Amino acid sequence: MKSGIMSLIFALYLAVMVVTANSDSNYYGTTKPVHPKEEKVTRLRFYLHDILSGRNPSAVRIAHANLTGGADSAVGFGSLFAMDDPLTVGPGKDSKEIGNGRGMYVSASKDIRKFTIVMYADLAFTTGKFNGSSISVFSRNPVAEEAGEREIGIVGGRGKFRMARGFVKIKTHQIDMKTGDAVLRYDATVYHY
């Protein structure tokens, strides 16, 4: 009888341990309904200066593919660039600086006539109404589409643009195909709360 009771106690002990082990192996989280806020849309126009040449470039090549002649071209296929590009109110190099675009881009097309980059950048505003806020882009940018505007996607943001989504229409204001230096007009449509 004692062995029967001991077996029963042991079986109950094992059952409790299994239940406890299973409940400890799950993570804990809660989901709460969010009261809908009214979504806002903000439209911004600014210029990004991507300078590869000179003594103080704003973008530098940090890697290139040896097989594609990457070192001989300003923007050869497979080249990876780090950027810290100024954002300005106007296209002139002396225009008021309002922020910076920091991130990376890679040359993603073999054919220079279809020159495309894939970029990630945090476009941060350092003055004015949106000081301390930024929009993040991560998108394919078909640079060779000179005839018109091209579009990249907004995937997030900080500050006043937290949880942002939207798009940026880019128009090349000026480009030097020999050096790779470019001034680009950015027209952003930002949806945020």
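Procedures and definitions
Residues numbered from 1 in each chain as written. Predicted model: local features only at pLDDT ≥ 70, side-chain atom pairs only at ≥ 80, totals over all residues. Heavy atoms only, no water. Helix = DSSP H or I, 4+ residues; strand = E, 2+ residues; numbered from the N terminus. 1 Å grid on protein atoms, 1.4 Å probe; cavity = no way out; pocket = protein on both sides within 12 Å on 5 of 7 lines; lining within 4 Å. Points joined across faces, edges and corners; volume = space filled by probe spheres on them. Nonpolar A, V, L, I, M, F, W, Y, C, P; charged D, E, K, R; others polar. Phe/Tyr/Trp six-rings, centres within 6.5 Å; stacked < 30°, edge-to-face > 60°. Salt bridge = Lys/Arg side-chain N within 4 Å of Asp/Glu carboxyl O. Buried < 20%, exposed > 50% of the residue type's maximum accessible area, 1.4 Å probe, protein only.

Here we look at unusual backbone geometry
- Here the phi dihedral of Met-163 falls at roughly 65 degrees; this positive angle occurs in a residue that is not glycine.
- Checked against the element boundaries, Met-163 lands in the loop between β7 (150-158) and β8 (165-175).

Section: the layout of surface pockets
- Within this model, the largest pocket holds a volume of roughly 390 Å³.
- In terms of lining residues, the largest pocket is bounded by 18 residues, among which His-49, Ile-51, Pro-86, Lys-93 and Val-183 are the most central.
- Counting only elements with at least two residues in the lining of the largest pocket, the list comes to β3 (80-88), β8 and β9 (182-192).
- When its residues are assigned to classes, the lining of the largest pocket shows 7 nonpolar, 7 polar and 4 charged.

Topic: the environment of Lys-171
- Of note, Lys-171 is situated in strand β8.
- C-alpha of Lys-171 to C-alpha of Val-183: the two residues are 12 residues apart in sequence and 9.0 Å apart in space.

Describing the packing of aromatic side chains
- Scanning all chains against the criterion turns up 5 aromatic pairs.
- Plain terms: the ring middles of Phe-46 and Phe-125 are 5.5 Å apart, the flat faces sit at 80 degrees to each other, and that makes the pair edge-to-face. Of this pair, Phe-46 sits in strand β1 (residues 40-50) while Phe-125 sits in strand β5 (residues 117-125); the two residues are 79 residues apart in sequence, bridging distant segments of the chain.
- Ring pairing ties together the aromatic residues Phe-46, Phe-125, Phe-130, Phe-161 and Tyr-186, which thus form one cluster.

Considerations on the pattern of salt bridges
- The final tally for this structure, using the stated rule, is 7 salt bridges.
- Here Arg-45 ties to Asp-187 by a salt bridge, and the two come within 2.6 Å at their closest N and O atoms. Of this pair, Arg-45 sits in strand β1 while Asp-187 sits in strand β9, placing them 142 residues apart in sequence.
- The exposure class assigned to Arg-45 is partly exposed, which follows from its relative accessible area of 48%.
- With its nearest N and O atoms 3.1 Å apart, the salt bridge here joins Asp-122 to Arg-158. With Asp-122 in strand β5 and Arg-158 in strand β7, the pair connects residues that are 36 residues apart, well separated along the chain.
- Since its relative accessible area comes to 15%, Asp-122 is described here as buried.
- A residue is classified by how much of its surface remains accessible, and Arg-158, at 39% relative accessible area, is partly exposed.
- Through salt bridges with shared partners, a single ionic network connects Arg-45, Glu-149, Arg-185 and Asp-187.

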